[in-house]
Amino acid sequence: MQAVLQHSPSSEVSSERRKNASAKRTGFLLLSPSVLLLLVWSIVPLVMTLWYSVQNYNLVDPTLHGFAGIDNYWYLLTDPDFLHSLLNTFVLVAGVLAISVGGGTLLAVLYDQDFFGRGIARIMVISPFFIMPTVSALLWKNLMLHPIYGVYSAMMRAVGLTPIDWLARFPLLTVMMIVAWEWLPFAVLILLTAVQSLDGEQREAARMDGADPIARFRYIILPHLSRAISVVVMIETIYLLTVFAEISVTTAGGPGVASTNLAYLIYSRALLQFDVGGASAGGVIAIIIANIVAIFLVRAVARNLEA
Amino acid sequence: MAVKTKTSTRIGVTILGWGIAVWLFFPIFWMFLTSFKNEIQAISTPPKLFFMPTLSSYAEVFERASYWHFTLNTVIVSVGATAIAIALAVPAAYSMAFLPSSRTRSTLLWMLSTRMLPPVGVLVPIYLLARNTHLLDTCTGLAIVDMLTNLPIIVWMLYTFFREVPAPILEAGRMDGASRWQEMTMVLLPLALPGIASTALLSLILCWNEAFWSLNLTSSHAAPLTAFIASFSSPEGLFFGKLSAASTLAVAPILVFGWISQKQLVRGLTFGAVK
Amino acid sequence: MATVELKNLRKTYLTEEIIKGISLSIEDREFVVFVGPSGCGKSTLLRMIAGLEDITSGDLLIDGQRVNDVEPGKRGLAMVFQSYALYPHMDVYKNMEFGLKLAGMPEAERREKIEHVARTLQLEPYLHHKPGQLSGGQRQRVAIGRAIVRNPKVFLFDEPLSNLDAALRGQMRVELSALHRKLGATTIYVTHDQVEAMTMADKIVVLQKGVVEQIGSPLELYHHPRNLFVARFIGSPPMNFFPAIFQGGDTTGSAVQLRDGSTLYVPVTSPGLLPGTKVTVGIRPEHVELAASGPNSGVVEVIERLGAITLVHVRMPDGQIIVVQMDGAVLTDVDTRVSLTLPPGNCHLFAPDGVAFEACHRHPLAA
Ligand SMILES: Nc1ncnc2c1ncn2[C@@H]1O[C@H](COP(=O)(O)OP(=O)(O)OP(=O)(O)O)[C@@H](O)[C@H]1O
Ligand SMILES: [Mg+2]
């Protein structure tokens, strides 16, 4: 009965192609609004930025105009402030990531334990994530760390120490702490959820195998968290590369450029010094750096995100 | 086979758990407390934990700035941006999850990488574009920008949720005669609702707290709460009472909203992104 | 009232051909079962008929109409999935109602139909339960009910019982057969369960690597497998095989010599086969007989007593194991030497390319 009829490709194949094409077209149509918008959103400003970056364009000095070539870039790349801000950007991102992922993992394990009032304690821990950056910067700068009226200064005086003007003495470190305070809760939120999804039997099996708590953490919990950690690193990096409000409110990048990151440097060029050309050149460099980071990050993390 | 935890360990965990929670939450608590002090009490040294509470700071804040105007702007912008982003992201994520092509993966990664575009890098052109299209200092303009900045993450989250939906259920829908649209709205959306809700929650929180574009693209008419609070930063920053009252007003809605919805947020996040 | 016809259907994923030209016609009211080893393309073929997979080439006809390009929901089919695929957010009633609603059936008519089906399937007490609150068997029933209410031309089942425990599976099997007799709808059923295939099918299609190996009634496949693959695949425990040398034959039978030198005269025709060709003799465990002495002797290695029957595993001198199915009360013990008797009338003969020789007489139940 399995007669092998002669194969008549012409009609069938074209109909198949039509059908496949229709599914493809549907997929494309559904995807295209988002893709088009993001394409415009990422290309148009980019092209404009590229254009301004090779122009002499200063809002307060209209006499300065015309083609600048690579002058803006040259000026920026040879500016020690630029390198300094670049370094600050990396320190800030790496520091906050280390604190939030490291601390977040430990806190996730802590808040996975059963103790009295755990639910309320958890809500308290994740609360800073809901606070807007401007508010948290103001809170820390004034209410907490103010050298005279701040609570921390009062506590130091109470134990006989001289209060420190944190933002003046350790500007970058302090900004890092403030940003970490905002993002640690996010890490705890995600990682705690992930720890809780670890199935009980696996933990019990590990206990039966005689694993002590440290071994259990190292060999059971940590590997289980790798995917969640990827998610945290991915999302936080996106935001940390562009930290702005915290710096603007607390130190305005100072003293000098001690706490200026790339985002703030460009901002100060563009809006404080009205140098559109220079700011745009900085923007282009920021975009290039972001893309390099994105490539590495996305590559490293994508595998974990996909699975 | 449950190993009994030693009482000392238990007490240690309780103390540590509460200690860290109190330490991390303290700035928020102190802000709340200070908002009920008058300016003298607010800067008394040493700081006072017990005092006669007063609403004078709030009264002054309300007198100085129209809080409701800012709040309304924030709500309009956050809800608007989130709604539009979800509406755009659902079909996109559906397409990626159920009609994948060889380019799906790279499209997704590209979308995420656009999110890494530093806003400052394109501040000047966006500012000029907004000015030329008369979207500067409008809720619409800010909502569009917020929507675009969050769209990639929303698409990605929805994509991970959709991929968890068993394909046979959608196929059953198709066998039942559902069109693509019906399949999406009547089968997929109800199934992925927890995921969509938590994505929307995250988007709302991020929009509510967004500072860079709010500060640079609005001035008075469409200024949201982030701008409201920035206007109290300096030099009035030294008026701790007013600053705290304004801050409390700015964060209270989203904080309460976050507390109420954190279960949902977590549930949605575990559904796809974490596991 | 529905016939289904497959004409040289093919399916290619990327570069790999999964379904390699399948032709088949299914009569109205027929119960057709697809069987075959895992990964042979059963589900793919079923899904192509359902419209869930594109057809790379060939024609699919339902009631004589080419439906290659018709949407799944418009082909007049209903499918029951292995995982049931119930809509978890709808209760049982809404699950069954969904398709009817999409088809624009009026409310009163929907209610009547659903209540009728629920009665038939004993689902009435659960109409307002969500699938999550039901047991596996009940979910299975809902999935079937969802298919039945739509009054489809053809039912498609993809291993619908494989998630149930053995007892429930047996019960549902009987219920499905009864249901098929009652509704009389054309049915295509995928399984890899022998018992399901043998008991439910009017016609079994044996597939291997995307090709049809044989199509026929259950007993036709059992008594007259067309090749070694089908012979091995149908029947449990599987058929035993002995290497042999062809010696000669005529219209009444063929003579072959087994390893130990004994000769067997099998009633199959072997036109054009040269004496001296290596062939294979096949015989089912239930047809081999044990004797205390004689040719084809071996040592009993394992005895499996299943109560009603006993399976005796005999190690032959060339090392292979022959399984013999005996009465439950047989007294043979391990390590005893036994001799196998092969009744020629129950033997099958396969050419070197695996194709079976035509039997001289068709079995009366497999005419
Ligand atoms: N989407 C796909 N892409 C590529 N190959 C596929 C796809 N779906 C199925 N296949 C391949 O097609 C072949 C047939 O798969 P199919 O699911 O039809 O097998 P099956 O006979 O139903 O097996 P089982 O009894 O295990 O369910 C398999 O080799 C499988 O790897
Ligand atoms: Mg299958």
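What you see is a predicted model, and the numbers here were worked out from it, not measured in a lab.

1. A word on the domain arrangement of chain A
Residue and element names in this part refer to chain A.
Item 1. Domains assigned within chain A are domain 1 (1-53) and domain 2 (70-306).
Item 2. Taken together, the contact pairs five residues of domain 1 with nine residues of domain 2.
Item 3. Taking both partners together, domain 1 and domain 2 bury about 500 Å²; carbon and sulfur atoms supply 73% of that area.
Item 4. Sorting the residues of domain 1 by area buried against domain 2 places Thr49, Tyr52 and Ser53 first, and these three jointly supply 75% of that buried surface.
Item 5. Summed over the shared surface of domain 1 and domain 2, the result is zero salt bridges.
Item 6. At the junction of domain 1 and domain 2, the tally comes to one residue pair in polar contact (both at pLDDT 80 or more).
Item 7. Looking at the side of domain 1 that touches domain 2 residue by residue, the class counts come to three nonpolar, two polar and no charged.

2. Re the confidence of the model for chain A
Item 1. Per-residue pLDDT for chain A averages 80, and the proportion of residues at 70 or more is 87%.
Item 2. No element of chain A has a lower mean pLDDT than helix H9 (residues 200-208) of chain A, which averages 70, and none a higher one than helix H3 (residues 80-110) of chain A, which averages 91.

3. Remarks on the pairing of strand S12 (residues 253-258) of chain C
All names here are of chain C.
Item 1. A large share of S12 lies buried, amounting to five of its six residues.
Item 2. Where strand S11 (residues 240-250) folds back onto S12 in an antiparallel hairpin, the turn is made up of two residues.
Item 3. As paired strands, S12 and strand S13 (residues 263-266) are joined by four bridges and run antiparallel to one another. If you follow Val256 over to S13, its bridge partner there is Leu264.
Item 4. Counting the residues between successive antiparallel strands, the hairpin from S12 to S13 contains four residues, one of them, Gly261, with a positive phi of roughly 95°.

4. Re the domain arrangement of chain C
Residue and element names in this part refer to chain C.
Item 1. If you check the domain split of chain C, you get domain 1 (4-231) and domain 2 (237-357).
Item 2. Using only C-alpha atoms to locate each centre, domain 1 and domain 2 end up separated by 38 Å.
Item 3. On the side of domain 2, eleven residues touch domain 1, which itself brings eight residues to the contact.
Item 4. Of the roughly 750 Å² buried between domain 1 and domain 2 on both sides combined, carbon and sulfur atoms contribute 59%.
Item 5. Among the residues of domain 1 in contact with domain 2, Tyr222, Leu228 and Ala231 are the three that bury the most area, contributing 67% of the side total.

5. Looking at the site of ligand 1
Residues and elements named next belong to chain C.
Item 1. In the vicinity of ligand 1, the residues found are Tyr13, Ile18, Ser38, Gly39, Cys40, Gly41, Lys42, Ser43, Thr44, Glu159 and His192.
Item 2. For ligand 1, an oxygen atom lies 3.2 Å from a polar atom in the backbone of Cys40.
Item 3. Between an oxygen atom of ligand 1 and a main-chain N or O atom of Gly41, the distance comes to 3.0 Å.
Item 4. Taken by itself ligand 1 offers 640 Å² of open surface, and the protein chains cover 58% of this.
Item 5. The greatest single-element share of the shell around ligand 1, amounting to three residues, is contributed by helix H1 (residues 42-50).

6. What about the UniProt feature "transmembrane region" (unreviewed entry) in chain A?
Residues and elements named next belong to chain A.
Item 1. Within this structure's numbering, the places UniProt gives as "transmembrane region" (unreviewed entry) are residues 27-52, 86-111, 123-140, 172-198, 219-241 and 279-302.
Item 2. Helix and strand shares over residues 123-140 are 67% and 0% respectively, and the end C-alpha atoms of the span are 20 Å apart.
Item 3. The span residues 219-241 shows a helical share of 96% and a strand share of 0%, and its end C-alpha atoms are spaced 32 Å apart.

7. Concerning the sheet that holds strand S15 (residues 289-291) of chain C
What holds strands together in a sheet is hydrogen bonding between their backbones, with the strands either parallel or antiparallel.
All names here are of chain C.
Item 1. Here we have five strands laid out as an open sheet, ordered S15-S19-S16-S17-S18, and antiparallel in their pairing. The open sheet has two edge strands with one neighbour each: S15 and strand S18 (321-327). Neighbouring strand axes in the sheet, compared pairwise and without regard to direction, differ in orientation by 50° on average.
Item 2. Note that strand S17 (residues 309-315) and S18 share seven bridges and pair antiparallel. If you follow Leu311 over to S18, its bridge partner there is Gln325.

8. Quick word on the sheet that holds strand S7 (residues 154-158) of chain C
Residue and element names in this part refer to chain C.
Item 1. Spatial strand order, S6-S7-S8-S3-S9-S10: six strands in an open sheet with mixed pairing. Of all strands in the sheet, those bounded by a partner on one side alone are strand S6 (77-80) and strand S10 (211-216). In this sheet, neighbouring strand axes are inclined to one another by 15° on average, regardless of whether the strands run parallel or antiparallel.
Item 2. The pairing of S6 with S7 spans four bridges and is classified as parallel. Pairing of Leu77 across the sheet is with Val154, part of S7.
Item 3. The strands touched by H1 are strand S3 (31-35), S6, S7, strand S8 (186-190) and strand S9 (203-208); relative to S7, the strand with the most contacts, the crossing angle is about 150°.

9. Thoughts on the packing of helix H8 (residues 167-175) of chain B against helix H9 (residues 180-191) of chain B
To characterise two packed helices, one gives the angle between the axes of the helices and the distance between these axes.
Residue and element names in this part refer to chain B.
Item 1. At a minimum axis distance of 10 Å, the contact between H8 and H9 shows a crossing angle of 155°. Classified by the angle between their axes, H8 and H9 sit roughly antiparallel to one another. For the crossing formed where H8 meets H9, the hand is right-handed. Across the interface between the two elements, Ile169, Leu170 and Arg174 of H8 pack against Glu183, Val187, Leu188 and Leu191 of H9.
Item 2. Partitioned by chemical class, the residues of the contact of H8 with H9 number five nonpolar, no polar and two charged.

10. Quick word on the packing of aromatic side chains
Item 1. For the structure shown, the criterion picks out 34 aromatic pairs over all chains.
Item 2. The interplanar angle of 35° and the centroid separation of 5.1 Å between the aromatic rings of Phe129 of chain A and Phe186 of chain A together place this pair among those described as tilted. Placement of the pair is Phe129 of chain A in the loop between helix H4 (118-126) and helix H5 (133-144) and Phe186 of chain A in helix H8 (residues 171-196), with a sequence separation of 57 residues. Each member of the pair Phe129 of chain A and Phe186 of chain A is classed as buried.
Item 3. Between Phe98 of chain B and Phe162 of chain B, the aromatic rings sit 6.5 Å apart at their centres with planes inclined by 25°, giving stacked as the arrangement. One end of the pair, Phe98 of chain B, is in helix H4 (residues 67-98); the other, Phe162 of chain B, is in helix H7 (residues 139-164), and 64 residues separate them in sequence.
Item 4. With relative accessibility at 0%, the residue Phe162 of chain B sits in the buried group.
Item 5. Put simply, the rings of Trp41, Phe244, Tyr264 and Tyr267 of chain A together with Phe212 and Trp213 of chain B pair up and form one aromatic cluster.
Item 6. Of note, Lys242 of chain B hangs over the ring of Phe239 of chain B, and the distance from its end group to the ring centre comes to 4.4 Å.

11. Some points on the state of the cysteines
All names here are of chain B.
Item 1. The tally for this structure, following the rule as stated, stands at zero disulfides over all chains.
Item 2. Of all cysteine sulfurs in the structure, the one in Cys139 sits closest to Cys207, which takes part in no disulfide; the separation is 12 Å.
Item 3. Accessibility expressed as a relative area gives 5% for Cys207, which makes it buried.

12. Quick look at the environment of Met239 of chain C
All names here are of chain C.
Item 1. The topology assignment puts Met239 in the loop between helix H8 (228-233) and S11.
Item 2. Linking Met239 and Val323, residues 84 residues apart in sequence, is a C-alpha distance of 8.3 Å.
Item 3. With residues up to four places along the chain from it excluded, the contact list for Met239 reads Pro225, Ala231, Gly282, Ile283, Arg284, Pro285, His348 and Phe350.

13. Some details on the interface of chain A and chain B
Item 1. Contact with chain A, which involves 93 residues of that partner, is made by 102 residues of chain B.
Item 2. Regarding the contact of chain A and chain B, the summed buried area is about 8,800 Å², with carbon and sulfur atoms giving 80% of it.
Item 3. Of all residues in chain A, Trp41, Phe130 and Met132 of chain A give up the largest surface area on contact with chain B, accounting jointly for 9% of the area buried on that side.
Item 4. Seen at the junction of chain A and chain B, the total is zero salt bridges.

14. Describing the UniProt feature "domain: ABC transporter" (unreviewed entry) in chain C
Item 1. The residues that UniProt annotates with the feature "domain: ABC transporter" (unreviewed entry) are residues 4-234 of chain C.
Item 2. Between the end C-alpha atoms of residues 4-234 of chain C there is a gap of 25 Å, over a span that is 37% helix and 26% strand.

15. A few points about the nonpolar core
Item 1. Counting residues in hydrophobic clusters, the biggest one holds 224 residues, and the most contacted among them are Phe162, Trp213 and Phe228 of chain B together with Phe34 and Leu156 of chain C.
Item 2. If you tally residues by element for this core, the top one is H8 of chain A, at 18 residues.
Item 3. Setting aside residues up to four positions removed in sequence, Phe162 of chain B forms contacts with Val90, Ala93, Tyr94, Ala97, Phe98, Leu188, Ala192 and Ile196 of chain B.

16. Remarks on the environment of Leu198 of chain A
Item 1. Summarising the element assignment, Leu198 of chain A is placed in the loop between H8 and H9.
Item 2. On a C-alpha basis, the gap between Leu198 of chain A and Trp74 of chain A in space is 53 Å, while along the polypeptide they are 124 residues apart.

17. So, unusual backbone geometry
Residue and element names in this part refer to chain C.
Item 1. Following Ser236, the chain continues into Pro237 via a peptide bond in cis, with omega recorded as -5°.
Item 2. Inspection of the secondary structure puts Pro237 in the loop between H8 and S11.
Item 3. In the Ramachandran plot, Tyr84 falls in the positive-phi region, its phi being about 75° despite a non-glycine side chain.
Item 4. Examined against the element boundaries, Tyr84 turns out to sit in the loop between S6 and helix H2 (92-102).
Item 5. Judged by its relative accessible area of 7%, Tyr84 is buried.
Item 6. A positive phi angle is found at Asn151, which is not glycine, with a value near 50°.

Definitions and limits used
- Residues numbered from 1 in each chain as written.
- Chains lettered and ligands numbered in written order.
- Predicted model: local features only at pLDDT ≥ 70, side-chain atom pairs only at ≥ 80, totals over all residues.
- Heavy atoms only, no water.
- Domains from an automatic or database assignment.
- Contact = heavy atoms within 4.5 Å.
- Buried area = accessible area lost by both parts, 1.4 Å probe.
- Salt bridge = Lys/Arg side-chain N within 4 Å of Asp/Glu carboxyl O.
- Polar contact = N/O pair within 3.5 Å; in protein donor to acceptor, adjacent residues only side chain to side chain.
- Nonpolar A, V, L, I, M, F, W, Y, C, P; charged D, E, K, R; others polar.
- pLDDT = per-residue confidence, 0-100.
- Helix = DSSP H or I, 4+ residues; strand = E, 2+ residues; numbered from the N terminus.
- Buried < 20%, exposed > 50% of the residue type's maximum accessible area, 1.4 Å probe, protein only.
- Pairing = 2+ DSSP bridges.
- Near = heavy atom within 4 Å.
- Areas by Shrake-Rupley, 256 points an atom, 1.4 Å probe, with all protein chains shown as cover.
- UniProt positions renumbered as here; feature names shortened; annotations may be inferred.
- Axes fitted to C-alpha atoms, helices over the stretch in contact; angles between N-to-C directions.
- Parallel < 35°, antiparallel > 145°, perpendicular 65-115°, else oblique.
- Left-handed = near helix turned anticlockwise from the far one by under 90°.
- Phe/Tyr/Trp six-rings, centres within 6.5 Å; stacked < 30°, edge-to-face > 60°.
- Lys NZ or Arg CZ within 6 Å of the ring centre and 35° of its normal.
- Disulfide = S-S within 2.5 Å.
- Core = buried A, V, L, I, M, F, W, Y, C linked by side-chain atoms within 4.5 Å.

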